[in-house]
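Observations on the three-dimensional arrangement
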Amino acid sequence: MITLIRWFQIKAKETKYRLAFWRFIDGLLAELEKQSESSSK
């Protein structure tokens, strides 16, 4: 049976990776937005 501490460690790791993933997606979208702005001028 998983202990509470182990469960908490797993959840913390999942959250860290999820935040890293969304930060990466946010960066990509910001880059695309910059490119579309510069090409439309």
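Position numbers for residues count from 1 along each chain, tracking the sequence in the order it is written. Local features in a predicted model are, by the rule used here, given only for residues with pLDDT of at least 70; side-chain atom pairs are given and counted only at 80 or more, and totals for whole chains, interfaces and linings are based on all residues. In computing side-chain values, all of the structure's heavy atoms are included and hydrogens and water are not.

1. Some thoughts on the pattern of salt bridges
For the record, the criterion: A side-chain nitrogen of Lys or Arg and a carboxyl oxygen of Asp or Glu constitute a salt bridge if their distance falls within 4 Å. The numbering of helices and of strands both runs from the N terminus, where a helix is a DSSP run of H or I of at least 4 residues and a strand a run of E of at least 2. Whether a residue is buried, partly exposed or exposed follows from its accessible area with a 1.4 Å probe, protein chains only, as a fraction of its type maximum: under 20%, in between, or over 50%, in that order.
Enumeration over the complete set of coordinates arrives at 2 salt bridges. One salt bridge connects Lys 11 with Glu 14, and the closest N-O pair in it is separated by 3.4 Å. Of the two residues, Lys 11 and Glu 14 are both situated in helix H1 (residues 4-40); the distance of 3 residues between them amounts to about one turn of the helix. Residue Lys 11 is classed as partly exposed on the basis of its relative accessible area of 33%. Classification of Glu 14 as partly exposed rests on a relative accessible area of 33%.

2. Overview of a nonpolar patch on the surface
Applicable threshold: Patch membership is restricted to residues that have no salt bridge and whose relative accessible area is over 30%. Joining uses 9 Å for like charges and 5 Å for the nonpolar side chains Val, Leu, Ile, Met, Phe, Trp and Tyr. Method for areas: the Shrake-Rupley scheme with a 1.4 Å probe, in which residue coverage is limited to the protein chains shown.
On the surface, Ile 2, Leu 4, Trp 7, Phe 8 and Ile 10 cluster together to form a nonpolar patch covering roughly 560 Å² of accessible area. Structurally, Leu 4 can be placed in helix H1. On the basis of relative accessibility, which here comes to 67%, the residue Leu 4 falls in the exposed class.

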